[in-house]
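Survey of secondary and tertiary structure
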Amino acid sequence: MSYAAYKMMHWPTGIDHCAAGFITHCPSDAAAFSTAAAAASGPDGDVDSARRPKRVGPTPNLVVAAANVLEVYAVRAEAAADDGVGGAQPSSSSGAAFDGISGARLELVCHYRLHGNIESMAVLSDGAENRRDSIALAFRDAKITCLEFDDAIHGLRTSSMHCFEGPEWQHLKRGRESFAWGPDIKADPQGRCGAALVYGQQMTILKAAQVGQSLVGEDEPTRALSSTAVRIESSYSIDLRALDTSHVKDFTFVHGYIEPVLVILHEREPTWAGRIASKHHTCMISAFSISMTLKQHPMIWSATNLPHDAYQILSVPPPISGVLVVCANSIHYHSQSTSCFLALNNFSSQTDGSPEIPKINFHVELDAAKATWLSNDIVMFSTKTGEMLLLTVVYDGRTVHRLDLMKSKASVISSGVTTIGSSFFFLGSRLGDSLLVQFSCGLPASVLPDLTDDRSADIEGDLPFSKRLKRVPSDVLQDVTSVEELSFQNSMLPNSLESAQKISYIVRDSLINVGPLKDFSYGLRANADPNATGNAKQSNYELVCCSGHGKIGALSVLQQSIRPDLITEVELPSCRGIWTVYYKSSRGHTTEDNEYHAYLIISLESRTMVLETGDDLGEVTETVDYYVQGATIAAGNMFGRRRVIQVYATGARVLDGSFMTQELNFTAHSSESSSSSSEPLGVASASIADPYVLLKMVDGTIQLLVGDQSTCALSIIAPSIFTSSSERISACTLYRDRGPEPWLRKTRSDAWLSSGITETIDGSGSSSQDQSDIYCIICYESGKLEIFEVPTFRCVFSVESFFSGESLLVDAFPQCLAEDGAKGGPDATKVSLKKEAANNIRIVELAMNRWSGQFSRPFLFGLLNDGTLLCYHAYCYDGLESNMKANSFSPDGSADLGNTSDARLRNLRFHRVSVDFPSREDISNLARPRITIFNNIGGYEGLFLSGTKPVWVMVCRQRLRVHPQLCDGPIEAFTVLHNVNCFHGLIYVTSLGFLKICQLPSAYNYDNYWPVQKVPLHGTPHQVTYYAEQSLYPLIVSIPVVRPLNQVLSIMADQELVQHMDNDATNADDLQKTYTVEEFEVRVLELEKPGGRWETRSTIPMQPFENALTVRIVTLHNTTTKENETLMAIGTAYVQGEDVAARGRVLLFSFTKSENSQNLVTEVYSKESKGAVSAVASLQGHLVIASGPKITLNKWSGSELTAVAFYDAPLHVVSLNIVKNFVLFGDIHKSVYFLSWKEQGSQLTLLAKDFGSLDCFATEFLIDGSTLSLIVSDSDKNVQILYYAPKMVESWKGQKLLSRAEFHVGAHISKFLRLQMLPTQGLASEKTNRFALLFVTLDGGIGCIAPVDELTFRRLQSLQRKLVDAVSHVCGLNPKSFRQFKSNGKAHRPGPDNIIDFELLSYYEMLSLEEQLDIAQQIGTTRSQILSNFSDFSLGTSFL
């Protein structure tokens, strides 16, 4: 029996749903944020305010959902600097200033991975200034969860859950088992209720709770209470059949009624494409008034005779109100009083007797379009081709006169679009990158004569986030970046609207998406190292994936681990640490960011080397006054980079360039008893924050060096607070809170007092008016963490047992004042029981840093000695209880207590951030510092964790992106280097004794789960394969081409029919019709070695209407020369409509060996076959071809293929795999078949098959030692593992494949790839012939399914069962029910659940230490055993 584990490695990125709402703040808070931009438009009076309307209003949050990932973003807009001319020409100050905003970007607020796919999403909002919105999510089959943002935990909290599943709700299904789509949820615009359509026939009404009017007072303490979010009070269900509405297509709430009014678009009697001649206008809309108290739903108006292809209904915002019904070929406006409509193309049919219909002057089809309202009368459509259309509702008072449609820009093909506030909209996409776009409408033409001419040129290239954007060379972005004006000429009603309305756009940010991953191959990187072995060898490889569609199709190149580009390397044995330092006075004034480093300090075992980092690295150890006789502990800059400090074991030196200005020696003057032996005391570690240096001595005491700005000299202080306390310090660090307004000051309980009291430290007279506060963070061996102000060493924040990794850190000081001693009693005994297991765990290193960005908040990192890295993100929580407590002290500070508590950072809290670390290792006691913080390496910031498993943690959009680095094994030391030859690069020293100077590969974007490079193809990629000998990637691409309709028909149909048609086609308009066809070709791409650019080396075009279906590299045995040949095989199909019998071709190409030959590939064989050739593979030198419903096995003679054996497949083969002489294929509808090939009788025989019906997506063999299993993924997003066991009774003498395990993945798996697992230390004695399967999904996710041994499986399975109850799951979703096989109403016998789910197991590491030990004890194992199993598994599957 074999067991498996499922693990996601790259989560979905294709965005399915997006919505905007005030989730983290209410509109009144947001208005206070952005007043600066509005107030900036000087005193120029009316002209100015007309030129720049105050449109940068309160900006809501953006909520996006990608499969089962939910993310909330904040939109951070940067106000453009004013020129003092009243800002009349924003183009001069910064190229892309536009409407008072110079740039905007999305910043992550929170991020959750749910146990269920989000089917639809709505934001419940009641529009009040002081109420927040909440998010309503719907999950299959009928689950609805409402979430609101909780400041106390800085995350989402479930406020209500509504489930209509299970036996008591069985009657709602009306006997049906399968439903085409999950529940759909919409919200009332006034926030009175929400509605969800479940099971296609049941409308669930969610009633919102009323706000108590008494709470909304002017009183200060109650203010926080009134800003609660919208909540749901109760829910009930309406059977739509009782209201005589069946076949519901869409529904929405309309504006402008006293009670909520629900308009439902439904189809009275369904029709279909073949019946349109007799039954066409079958849809209607009905408006129901929802009375939630009486539960009565009278119909108040309706409209019939809508086209059968109506699919979407939009409610028009006030003052117009009413609804727009969107059909594929027309748009209809309906309200209680008026209606009008607009035809979009020639296919829009009108009902008999209706007046002449207005048409537009271009043709467009609106099926599958997404829409959002940019203003109260302009709606933007994003069509299925990626075009953006603007529809204006022309109205006068409340009567709508007509609809106007305009073409606009082309952009990504979107899956959802939402307006964010008054200046932005977001295009969410599953097929390409999602874009945040700023728009501006309604600028009067009189004030802007021709602003666009001089401005669009600037905007094209110089975007504020161009640093990030240049890495994504996607033409889609180029399409939208230039500002383009659109004019709507309203000829009929000149005075009802502005005479010309203009809308201009500019792309501000993009979220990268690699989905949908249709196929991928596994090949060598451009900078691969041929000599690598073991784990380092894995980072030689990368995944080349087909992603995107149409003109946004691209090749996504993904790497799990970073492999820096080497500039130079030097052998340097026994290195202990490296530092680079600046030296100011040598050059003229340069900006801080671009200053080059002056010296590189290298600490060896017993000496220190100093190198100059000029044009080349030259050793200057002899000529400088650095301490070079022993090892260096730390080095850095002081006094605004005017001095360098070097700390070594017995002292420190301050240097001005190469000359020493001061030397200090450290002695043990703290302990009086040992004064007789006053030998110098060694420094264990040091932390530098200008102008302080914090030293931790070998004996665990602390000394502080304080610098004097005027004399640039240091003096030693031993803080008295630590000399008296007996607790040993296990780790300490300094944190410098810098910026125009230091962040931590905001969290003080007396924040309104303390502004401007702290003296500013002037940094060498530099122009920046930055204030900085320095804090010292100390962790004791008992696990207590304290934050002190420096240099007074006043404690401002303290937390007990920091190492246990609680999800929230709250200041412990207010609690010890409170009278809850009773609560502390039982806790204390519980902790002491656990002490035995936890006493050897402690913090070995701390770091705290706040990276750039106006709204950024500090991160706190703690490294445990078992290799766990705890990451916390600070946030400010203004709790009511702390305000009340502060007010209760008398104002003149007579209470002693008041003074001590006032200075504390009482509003500071930290919440734990989950980081997906690849693996962990035990850290020895006296390890060197391993966390290095960097602010600019190739444009990225974050920290680097050195050690045996080095890891990059990059901070992008306030979220941590973790990228391991495997290529050099353990790394001893790391630092940044910025000089002439190495621009924003890095230096590290490997444990083998090599010093390497590198740069980050610039082609990659690191703001993704894995580093990614997207290569635009301007076509849809379908399949890719890898030819290892020459590192080539053959790739199938299809490009949409517009052709005249008659030309298309003449190729497809018979000639007689065409002449017959020509006689009819007297109408000249019909001859102008065009049709878009996909033209296929096979491109052979190569990754250029030095530059990392992708070049097309050769292109093989297909014939008209011939689709290439598969391309594979095959090895065939040539029967004439008796040698093996490696060829490229292509299988194609002719697509010519349903009247022509299907044909296909098999093409074989050989690669030329010589470098300089003109054509890289030459065709050696081509033959037509009956049926489409959908899969090819090579089996022991023979070629297996799946053509139509037949599989043939062919011999290759060098010029001819001869069929040797065949097998009749049921319908159409979608995937074909081969191991030794076994063949596994998946059928499009009839599940999997397992065949074997015998050379003797030359026959393909069926060994076994799966008798159920299953729509296969991908198949593969799973090999575990000598056990062979078959794996198949299907259209219901499941995975099954089957096996062949002829000796088992239930296999019907071996005819039937038996189920070994089944699992619901929640995404369509499009391809599996079998890769050999790496042997890990824990399993060295185990079998080596172990293969894991890497898979990709259509959501943009990548994961693996790998075999595990029984002992590990049993241990982790019992842990998994425990975690189902032990963890509070987001949205209240049950992981167990999510992972059950979904058969969608088809008969299915449940199989065993022999797959463990690492998605659920990953929660174990996020539990606190006490809970981890508890759970491990309950399942009869230890925490370290579980963590080593995790680590072994991730090591064995780290393929990239």
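Just above sits the structure.
The shown structure was predicted, so the numbers you read here are calculated from the model rather than taken from an experiment. As a convention, each chain's residues are numbered from 1 in the sequence order in which they are written. For a predicted model such as this one, the threshold for reporting local features is a pLDDT of at least 70, and the threshold for listing and counting side-chain atom pairs is 80 or more; totals across whole chains, interfaces and linings nevertheless cover every residue. By convention in this description, side-chain values take in all heavy atoms of the structure and omit both hydrogens and water.

**Concerning helix α19 (residues 1350-1366)**
What counts, and what does not: Counting from the N terminus, the helices are DSSP H or I runs at least four residues long and the strands are E runs at least two residues long. By this rule, a helix spans an expected 1.5 Å times one less than how many residues it contains. Under the scheme applied here, a residue whose accessible area is under 20% of the maximum for its type counts as buried, over 50% as exposed, and between as partly exposed, the area being computed with a 1.4 Å probe on protein chains only.
Here α19 is 17 residues long and its end C-alpha atoms lie 24 Å apart, about the 24 Å a rise of 1.5 Å per residue gives. All of the buried residues in α19 are T1352, F1353, R1355, L1356, Q1357, L1359, Q1360, L1363 and V1364.

**Points about the pattern of salt bridges**
We count it as follows: We define a salt bridge as a contact between a side-chain nitrogen of Lys or Arg and a carboxyl oxygen of Asp or Glu at a distance within 4 Å.
All told, the structure shown has 57 salt bridges when counted by the stated rule. The partner of D367 in a salt bridge is K384, with the nearest N and O atoms 3.0 Å apart. Residue D367 is found in the loop between β21 (339-343) and β22 (370-373), and its partner K384 is found in the loop between β23 (378-382) and β24 (387-396); the two are separated by 17 residues along the sequence. A salt bridge links E387 to K407, with the shortest nitrogen-to-oxygen separation between them at 3.5 Å. Taken together, the residues E387 in strand β24 and K407 in strand β25 (residues 399-410) connect sequence positions 20 residues apart. Look at E387 and you get partly exposed, because its relative accessible area is 22%.

**Thoughts on the side chain of R959**
To keep things clear, this is the line we draw: Polar contacts, as used here, are pairs of N or O atoms within 3.5 Å; protein pairs need one atom able to donate a hydrogen and one able to accept it. Residues neighboring in sequence count only if both atoms are side-chain atoms.
Relative to the assigned elements, R959 resides in strand β60 (residues 959-964). A polar contact is formed between the side chain of R959 and the side chain of H111, at a distance of 3.0 Å.

**Remarks on the sheet that holds strand β83 (residues 1278-1283)**
Heads up, the rule is: Pairing between strands is defined by DSSP: at least two bridges between them are needed. Axis definition: a line fitted to C-alpha atoms, limited for helices to the stretch in contact. Angles are taken between N-to-C directions and run from 0 to 180 degrees.
Spatially, the four strands line up as an open sheet ordered β81-β82-β83-β84, and their pairing is antiparallel. Looking at the sheet topology across the chains shown, the edges are occupied by β81 (1256-1264) and β84 (1298-1304). Mean inter-strand twist for the sheet, computed between neighbouring axes without regard to direction, equals 20°. Sheet topology places β81 next to strand β82 (residues 1267-1274); eight bridges connect them, and they run antiparallel. Along β82, the bridge assignment pairs D1264 with T1267.

**A closer look at unusual backbone geometry**
Between R140 and the following residue, D141, the backbone shows a cis peptide bond with an omega angle of 0°. Positionally, D141 belongs in the loop between β7 (134-139) and β8 (143-150). A cis amide bond links D690 to the next residue, P691, at an omega of 0°. Checked against the element boundaries, P691 lands in the loop between β44 (683-689) and β45 (692-697). A positive phi is found at F793, a non-glycine position, where the angle reads about 55°. Inspection of the secondary structure assignment puts F793 in the loop between β50 (785-789) and β51 (794-799).

No statement about biological role is implied by the geometric values presented.
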